[in-house]
Amino acid sequence: LMLWCRKNNPECKMVLDTSGAALRAGIKARPYMIKPNKHELEELFGCHLKQVEDYAEAVRKLLADGIELVLVSLGSAGLIFGYQGSVFQVEPLGVPEVKSTVGCGDALVGAVVYQLAAGADVMTAVKYGVAAATSNLTTQSPGCIEHDQVEEFYPEVRIQPID
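Below: a short report on this structure. (Residues numbered from 1 in each chain as written. Predicted model: local features only at pLDDT ≥ 70, side-chain atom pairs only at ≥ 80, totals over all residues. Heavy atoms only, no water.)

Structural notes on a negative patch on the surface
The condition is simple: Here a patch means residues that are over 30% exposed by relative accessible area and free of salt bridges, tied together within 9 Å if like-charged and within 5 Å if nonpolar (Val, Leu, Ile, Met, Phe, Trp, Tyr). Note on areas: Shrake-Rupley, 1.4 Å probe, and residue coverage restricted to the protein chains presented here. When a carboxyl oxygen of Asp or Glu lies within 4 Å of a side-chain nitrogen of Lys or Arg, that pair is called a salt bridge. Think of it this way: Lys and Arg go in the positive column, Asp and Glu in the negative one, and His and the chain ends go nowhere. Every charge is mapped onto a representative atom, which is NZ of Lys, CZ of Arg, CG of Asp or CD of Glu. Secondary structure elements are defined from DSSP: runs of H or I of at least 4 residues count as helices, runs of E of at least 2 residues count as strands, and each element is numbered from the N terminus.
Together, Glu146, Asp148, Glu151, Glu152 and Glu156 line one region of the surface with negative charge. Structurally, the position occupied by Glu151 is in helix H7 (residues 147–153).

Structure below.
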């Protein structure tokens, strides 16, 4: 499907958020953005990734393969992402009580895509994505994100480059 989209609309920016064989096959079409979690990335590379540097190296390989934006959700350890040849780390934000982790990756992807479609730069979009995923943690119902809470979390999101 992604190859068909690329052929018929070369400007289409595709997003891939899947796992296993679908992820392996999908990255061959060089989508604009992928969002594996740490387990999906380990499965993709066939090895256990232990340290931040291991994840950063995997992200660099995906960037070199032509994927423009790679977001790797690490759950309670935050996010590592790559863009334009550089790799960054985002520390997780603290919340008083985690009610559910279900849907946090979807909230991340949705907010990033929304911001990019609205014309935001990648750094801004990623910060909003992390803020939305953090907001999702505080609700019992996946995807029930409060806009005001996202705006409160947004300035707290810190992005640090990984050498």
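A short note on the sheet that holds strand E5 (residues 86–90)
Counted only if it meets this: DSSP bridges decide pairing: two strands pair if at least two such bridges lie between them. Contacts are assigned to residue pairs with any non-hydrogen atoms lying within 4.5 Å of each other. Angles shown run from 0 to 180 degrees and are taken between the N-to-C directions of axes, each axis being a line fitted to C-alpha atoms and, for helices, limited to the stretch in contact.
Taken together, six strands build an open sheet; the order of strands is E1-E2-E3-E4-E5-E6 and the sheet is mixed. For this open sheet the edge positions go to strand E1 (15–16) and strand E6 (159–162), each flanked by a neighbour on one side alone. Sheet topology note: the E5/E6 ladder contains four bridges and is antiparallel. Among the inter-strand pairings, Val87 is bridged to a residue of E6, identified as Ile162. Sheet strands in contact with helix H6 (residues 122–137) are strand E3 (69–73), strand E4 (79–83), E5 and E6, and its direction is about 160 degrees off that of E4.

Focus: the pattern of salt bridges
As a reminder of what qualifies: Only protein chains enter the accessibility calculation, which uses a 1.4 Å probe; a residue is then buried when its area is under 20% of its type maximum, exposed when over 50%, and partly exposed in between.
Applying the stated criterion to the full structure yields two salt bridges. For Asp17, the salt bridge goes to Lys35, with nearest N and O atoms at 3.7 Å. Highlighted residues: Asp17 in the loop between E1 and helix H2 (20–26) and Lys35 in the loop between strand E2 (33–34) and helix H3 (38–45), separated in sequence by 18 residues. By relative accessible area, Lys35 is classed as buried at 5%.

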